[in-house]
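Understanding the architecture of this molecule
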Amino acid sequence: MTDFIVIGGGIAGISAAARLSDHGTVTVLEMEEALGYHASGRSAAMFEENYGNTSTVALNRASADYHHNANGGYLTPRGLLLVAGSHQAQEFADDLATLNLHQISMDEAISRVPILNPDTVALAGLHQDAQDLDTDRMIQDFAKVVRAGGGQVITKATVSSIAKTDHGWQVTAGGTDYEAKQLVNAAGAWVDQIAALANVAPIGINPLRRSMARLPAPGGHDVTGWPMVMGVGEAWYAKPDAGKLLVSPADADPVAPHDAYTDDMVLAEGLARYEDMVTEPVTRVESNWAGLRSFAPDKALVLGPDPDQPSFIWCAAQGGYGFQTAPAASRLLADLVGGCTPEIEPEIIRQLSPARFH
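Since the structure is predicted, the reported quantities are computational estimates derived from the model, not experimental observations.

1. A short note on the overall build of the protein
Tallying secondary structure elements over the protein gives nine helices and 20 strands in all. Taken against the 2.2 N^0.38 rule, which gives 21 Å for 358 residues, the C-alpha radius of gyration of the protein at 21 Å falls within 12% of a compact globule. On the principal axes, the C-alpha backbone points of the protein span a range of 70 × 40 × 40 Å. Residue burial in the protein is summarised as follows: out of 358 residues, 55% are buried. For the protein, the proportion of contacts with a sequence separation of at least 24, taken over those separated by at least 6, is 72%. If you average the places of the 23 positive and of the 43 negative side-chain charges in the protein, the two averages end up 4 Å apart.

In structure tokens, the structure reads:
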């Protein structure tokens, strides 16, 4: 028997497992062949402190030092550029305030992203401190902490049953039984299904599809130094990646938990919104994919013991904020479970607690 079983090997589960290693032995169960296969493997990989609601921003800011300094740091400069048409002035002003951007001239915006179309883009705002995140290295570094603490990371372990025992929990996964005193539900889009298996009341997590297309560098430009570009209201975004350009329609369509794939029409509509704001047409899509961003009804993360079953611990509803919140979210979870005093403010903890749904 171990102290903790963590179900889910995305960034939420593996970071929680690493932090819980300070309080006991940990077994991580991941249903796929590798860690970070689903939402974590399909992330836009950005750290933008001001992105998200109040509790998410608090976690972002509490994670900043870790992102900058842990293991040599995980961040490289990128920047975030918001663009809008003249008819979108109010939406632009709202986003400018929410994301804490400052308005820049169109000349400066075009100097940063030369394909912006001056006939359709009239307004631009910049946040230079937005950063790229090395997401794969972060996952692997957290996994190293688990193993160094005597824990196990087991892949190809799909959970088929969960039973409460006199001593904790028994989980059957991949045909093998595992036992632990406490159970951490970090199963991403599948968290409510895991709760049901454990006879714990589900929260009502909503998996939302987010699609992405990889395009050749538009017009043969070197896109390496370009910022991430986003349309107002997050109607689309484009981000440089390994000499290519990733473009997303920023879709958020509710779907059942599954290995997500794009909807061709949704992707085409999003690419059209992007094309409206640039001078280079989309002539070829090299590849496309989708991931599931899972949200609680109030759009805040769910972190901590279940109020009716305290040995069942929620680490859920990361939405699109999993990587940027992971250092602080995992530390908070371990503090709550280990009886330590959290650094996060009590009001933020209340906003994140599973008790808000009971």
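Still more to cover.
2. A closer look at empty space enclosed by the protein
This model, assessed by the stated rule, comprises two cavities of 30 Å³ or more. For the largest cavity, the full set of lining residues is Val113, Ile115, Leu116, Trp226, Pro227, Val229, Trp236, Ala238, Leu245, Tyr274 and Val278. Here the residues of the lining of the largest cavity sort into 11 nonpolar, no polar and no charged. Each pocket or cavity is described by its volume, and for the second largest cavity that value is around 40 Å³.

3. A word on helix 7 (residues 264–275)
Here helix 7 spans 16 Å end to end across 12 residues, near enough to the 16 Å set by a 1.5 Å rise per residue. Val266, Leu267, Gly270, Leu271 and Tyr274 are the residues of helix 7 that are buried. The buried residues of helix 7 occupy an angular sector of 130 degrees when projected down its axis, which confines them to one face. Opposite its buried face, helix 7 presents the exposed residues Asp264 and Met265, each directed more than 90 degrees away. For helix 7, the N-terminal cap is Asp263; the gap from its side-chain oxygen to the backbone nitrogen of Met265 is 2.9 Å.

Rules and cut-offs
Residues numbered from 1 in each chain as written. Predicted model: local features only at pLDDT ≥ 70, side-chain atom pairs only at ≥ 80, totals over all residues. Heavy atoms only, no water. Helix = DSSP H or I, 4+ residues; strand = E, 2+ residues; numbered from the N terminus. Rg over C-alpha atoms; globule rule 2.2 N^0.38 Å. Buried < 20%, exposed > 50% of the residue type's maximum accessible area, 1.4 Å probe, protein only. Contact = heavy atoms within 4.5 Å. Lys, Arg positive; Asp, Glu negative; His and termini not counted. Charge placed at Lys NZ, Arg CZ, Asp CG, Glu CD. 1 Å grid on protein atoms, 1.4 Å probe; cavity = no way out; pocket = protein on both sides within 12 Å on 5 of 7 lines; lining within 4 Å. Points joined across faces, edges and corners; volume = space filled by probe spheres on them. Nonpolar A, V, L, I, M, F, W, Y, C, P; charged D, E, K, R; others polar. Expected span 1.5 Å × (residues − 1). Arc of directions from axis to C-beta. Polar contact = N/O pair within 3.5 Å; in protein donor to acceptor, adjacent residues only side chain to side chain.

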